[in-house]
Amino acid sequence: MEDLRGSLDAVYDVTIGYKPRCPSLLDNVFGVNPSEVHVHVRRIALGEIPTSEEEVSAWLMNIFQLKDQLLSDFYLQGHFPHQGTEGDLSTVKCLCVVICHLPPTSMFVLSLFCKVAQNIHRRE
């Protein structure tokens, strides 16, 4: 974690809820899709994360207990807290986000591919 502190400003906690239930391995193998997929994202500023290994361990245990409770509530209530709908999303804002993130993501994937190809070529 300490190695990442210089390059990150936050960690994102992502929890996924499926309706009517979480797909099994066989569902995935046979292409049975859940009717709904809900995603809950929480941004955790780096300053909120403890620095000592012992404190980080306890913090992570707490995070996973909160995630378990979040999923239990999701399956009882049918939604995550403060959940928006697709209608709440701005098409223009979504397009701007995609346009802004696509080039850097593409460059990252391309550079990763080139690095792997270069390593393979060196071995031959």
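Attention in this report is confined to the structure presented alongside it. (Residues numbered from 1 in each chain as written. Predicted model: local features only at pLDDT ≥ 70, side-chain atom pairs only at ≥ 80, totals over all residues. Heavy atoms only, no water.)

Some points on the pattern of salt bridges
If you walk through the whole model with that rule in mind, you get five salt bridges. The closest approach of N and O atoms between D9 and R43, which form a salt bridge, is 3.1 Å. Taken as a pair, D9 in the segment before β1 (10-19) and R43 in strand β2 (residues 36-45) lie far apart in primary sequence, 34 residues in all. The partner of D27 in a salt bridge is R21, and the shortest N-O contact between them spans 2.8 Å. Take D27: its relative accessible area is 11%, and that puts it in the buried class. (Salt bridge = Lys/Arg side-chain N within 4 Å of Asp/Glu carboxyl O. Helix = DSSP H or I, 4+ residues; strand = E, 2+ residues; numbered from the N terminus. Buried < 20%, exposed > 50% of the residue type's maximum accessible area, 1.4 Å probe, protein only.)

Considerations on the packing of aromatic side chains
Under the counting rule described, the total for this entry stands at two aromatic pairs. With 5.0 Å between their ring centres and 80 degrees between their planes, F74 and Y75 make a pair best called edge-to-face. Given the relative accessible area of 1%, F74 is considered buried. Pairwise contacts between aromatic rings join F74, Y75 and F80 into one cluster. (Phe/Tyr/Trp six-rings, centres within 6.5 Å; stacked < 30°, edge-to-face > 60°.)

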